[in-house]
Amino acid sequence: MDSDLYQILGLSRAATPADIKKAYRALARKYHPDANPGDVKAEKKFKEVAQAYEILSDQRQRQQYDQFGTIGGAQQRGFQGAGGISDLFEAFFGGGNPFGGRNFRQTGPPAGRDVEVVVSVSLEEVVLGGETTFEIDVSVACNKCEATGSSGKKEAATCRTCEGQGIVQEVRQSLLGQMMSTVECPDCKGYGSVIIDPCGECSGLGIELKAKRFTVGIPVGITTGVTQRLSGMGHVGARGGGHGDIHVRYQVTEHERFERAGDDLHDELWIPMTQAALGASLEYETIDSVEELQIPAGTKTGERFRFRGRGVPRLQRRGRGDLIVTVIVDTPIDLSKTEKELLRNFAKERDKAAIDKKSKNRKRR
Ligand SMILES: [Zn+2]
Ligand SMILES: [Zn+2]
């Protein structure tokens, strides 16, 4: 490798381990073969990036590289084997392939697909947590042939085209001359073997669909669109392939009272005009508690009261948002005869007070 490892990751020699990890992640996503199918340049770049990361993320190797500009053995070894990169992904992304259902591999049966499930949860569940249960059809190993795909009378035969490797070398003509590339074996589709006598139950796939029930804990503080990954719980791959994942995508239903804005909750509280004028002490129900709400005398429509920490828990952080209550003064529309009389008297009293006030002002001038 002739380029500088730091340059490959777009970093300076002063880069911290966190910088290196971040740069690698971004570049690995950008150049990943799954994101650039058939792009040889991207594949080369991807390998370079992975190699640079492997060395620079290891403190001992990085020191050696900084000092000597080379790593004993590592550069020759490179990433020719599939093991290097997939192992790296294992370590980095916690298993599986972050770019799609199919695992990064060169041989062996492909892993099963991922499944997405949309789960509706209430705002109460977002605040208090809880569990959700759903049932979906996922592929599991065929019970009859134990995932082999063969009926048992005759075992699968090693594929002659690829000699059981699942991959073949393909020669292509290009402007630069002959190009060799590794592709999936067209005869066995990468499995390395050919089914001679397919299992009657699964027609040689080695899998069957089964309704399975899952129960998951709802993470508190989620918003619509947040996805939770259930690693290795998805479809099993044909003929002994690994498991895909389940992605639980949450949808938070609207609440009849509370409106959510980030981690804060908003509510409107209608109070009678008498309470607004005279003040009152009320029992107010938040989403998960009962609080005392003091309405001061002379409260007007639009005034806000804040309950600190009675909003939505912050996702994967400590603390909760606030609950903000906006008061609306309720003007009565169904007055009885007596109430009307009382209000007329009240109005007269107010008029007198208003006139007195005006005359006072006039005098003062
Ligand atoms: Zn079967
Ligand atoms: Zn083959």
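Look a little higher up for the structure.
Residues numbered from 1 in each chain as written. Chains lettered and ligands numbered in written order. Predicted model: local features only at pLDDT ≥ 70, side-chain atom pairs only at ≥ 80, totals over all residues. Heavy atoms only, no water.

Some details on the nonpolar core
Stated formally: Nonpolar cores are built from buried Ala, Val, Leu, Ile, Met, Phe, Trp, Tyr and Cys residues. Side-chain atoms within 4.5 Å join them into one set. Throughout this description, buried means an accessible area under 20% of the type-specific maximum (1.4 Å probe, protein chains only), exposed means over 50%, and partly exposed covers the range between. Note on contacts: a residue pair is in contact if any heavy atoms of the two residues lie within 4.5 Å.
Grouped together as the largest cluster of nonpolar side chains are 37 residues, with contacts concentrated most on Val121, Phe134, Ile136, Ile246 and Tyr284. Here Val121 is in contact with Val126, Ile218, Ile222, Tyr250, Gln251, Val252 and Thr253, once residues within four sequence places are set aside.

Describing the pattern of salt bridges
Defined as follows: Only one rule defines a salt bridge in this text: a Lys or Arg side-chain nitrogen within 4 Å of an Asp or Glu carboxyl oxygen. For the purposes of this entry, the term helix denotes a DSSP run of H or I that reaches at least four residues, the term strand denotes a run of E that reaches at least two, and both are numbered from the N terminus.
Scanning the model with the defined rule gives 17 salt bridges in all. For Asp263, the salt bridge identified is with Arg317, shortest N-O distance 4.0 Å. With a gap of 54 residues between them, Asp263 in the loop between strand S12 (259-261) and strand S13 (264-272) and Arg317 in the loop between strand S16 (304-307) and strand S17 (323-330) connect regions that are remote in the sequence. For Arg317, a relative accessible area of 58% translates into the label exposed. Ionic pairing is found between Glu303 and Lys300, a salt bridge with its closest N-O pair at 3.9 Å. Members of the salt-bridge network, linked through shared partners, are Asp288, Glu291, Arg310 and Arg320.

A look at the coordination of the zinc ion (ligand 1)
For clarity, the threshold we go by: Coordination partners: N, O, S within 2.8 Å of the metal, 3.2 Å for Na, K and Ca; water not considered, so apparent gaps in a site are possible. Donor angles set the geometry label: tetrahedral for four donors if every angle is between 85 and 135 degrees, square planar for four and octahedral for six if opposite donors exceed 155 degrees and the others are between 65 and 115, irregular for anything else.
Within the first shell, the zinc ion (ligand 1) binds the protein through Cys142 (SG), Cys145 (SG), Cys199 (SG) and Cys202 (SG), at distances of 2.3 Å. For the zinc ion (ligand 1), the four donor atoms in the first shell make angles of 103 to 115 degrees at the metal, so the coordination geometry reads as tetrahedral. Sequence spacing among the residues donating to the zinc ion (ligand 1) works out to C-x2-C-x53-C-x2-C. With a gap of 60 residues between them, Cys142 in the loop between strand S2 (130-141) and strand S3 (157-158) and Cys202 in the loop between strand S6 (193-194) and strand S7 (207-218) connect regions that are remote in the sequence. Comparing Cys142 with Cys202, the two get one shared label, buried.

Remarks on the packing of helix H2 (residues 17-31) against helix H3 (residues 40-56)
For clarity, the cut-off: Fitting a line to C-alpha atoms yields each axis, with helices limited to the stretch in contact; the angle taken between N-to-C directions then spans 0 to 180 degrees. Roughly parallel means an angle under 35 degrees; roughly antiparallel, over 145; roughly perpendicular, 65 to 115; everything else is oblique. With the far helix as reference, a near helix turned anticlockwise by less than a right angle produces a left-handed crossing, and one turned clockwise produces a right-handed crossing.
For the pair H2 and H3, interaxial distance at closest approach is 9 Å and the crossing angle is 160 degrees. The orientation of H2 with respect to H3, classified from their angle, is roughly antiparallel. In this structure, H2 crosses over H3, and the sense of that crossing is left-handed. Of the residues in H3, those in contact with Ile20, Lys21, Tyr24, Leu27, Ala28 and Tyr31 of H2 are Ala42, Lys45, Phe46, Val49, Ala50, Tyr53 and Leu56.

Focus: H2
Two residues of an α-helix separated by three or four positions point the same way, owing to the 3.6 residues in each turn. Just so we agree on the cut-off: A helix is expected to reach a length of 1.5 Å times the quantity of its residues less one. Regarding the arc, it is the one traced by the directions from the helix axis to the C-beta atoms.
Over its 15 residues, H2 extends 21 Å from the first C-alpha to the last, a length consistent with the 21 Å expected when each residue adds 1.5 Å. Regarding H2, the residues found buried are Ile20, Ala23, Tyr24, Leu27, Ala28 and Tyr31. One side of H2 carries all its buried residues, which in axial view fall inside an arc of 130 degrees. Seen from the open side of H2, the exposed residues pointing more than 90 degrees away from its buried face are Ala18, Lys22 and Lys30.

Focus: the coordination of the zinc ion (ligand 2)
Protein coordination at the zinc ion (ligand 2) comes from Cys159 (SG), Cys162 (SG), Cys185 (SG) and Cys188 (SG), with a distance range of 2.3 Å. Between the four donor atoms coordinating the zinc ion (ligand 2), the angles at the centre fall across 104 to 115 degrees, so the site counts as tetrahedral. All donors of the zinc ion (ligand 2) come from a single chain, and their spacing in sequence reads C-x2-C-x22-C-x2-C. Separated by 23 residues along the polypeptide, Cys162 in the loop between S3 and strand S4 (167-174) and Cys185 in the loop between strand S5 (177-184) and S6 bring together distant segments of the chain. Of the two residues, Cys162 and Cys185, both sit in the buried class.

Regarding the packing of aromatic side chains
Put simply, the test is: Any two of the Phe, Tyr and Trp rings considered here, Trp counted by its six-membered ring, make a pair once their centres fall within 6.5 Å; the pair's planes then place it as stacked at under 30 degrees, edge-to-face at over 60, or tilted in between.
Under the defined criterion, the tally for this structure stands at three aromatic pairs. With 4.2 Å between their ring centres and 15 degrees between their planes, Tyr24 and Tyr53 make a pair best called stacked. In this pair, Tyr24 sits in helix H2 while Tyr53 sits in helix H3, placing the two residues 29 residues apart along the sequence. Tyr53 carries the same exposure label as Tyr24, and that label is buried. When the ring of Tyr284 is compared with that of Phe307, the centres are 5.4 Å apart and the planes differ by 5 degrees; the resulting orientation is stacked. In this pair, Tyr284 is assigned in strand S14 (residues 280-285) and Phe307 in strand S16, connecting sequence segments 23 residues apart. Considered together, Tyr284 and Phe307 belong to a single accessibility category, that of buried residues.

Brief notes about the sheet that holds strand S1 (residues 115-121)
Quick reminder of the rule: Two strands are said to pair when DSSP picks up at least two bridges between them.
If you walk across this open sheet you meet the three strands as S1-S11-S8, and the pairing is mixed. For this open sheet the edge positions go to S1 and strand S8 (227-230), each flanked by a neighbour on one side alone. The average undirected angle you get between the axes of adjacent strands in this sheet is 25 degrees.

What is shown is where atoms sit, not what they do.
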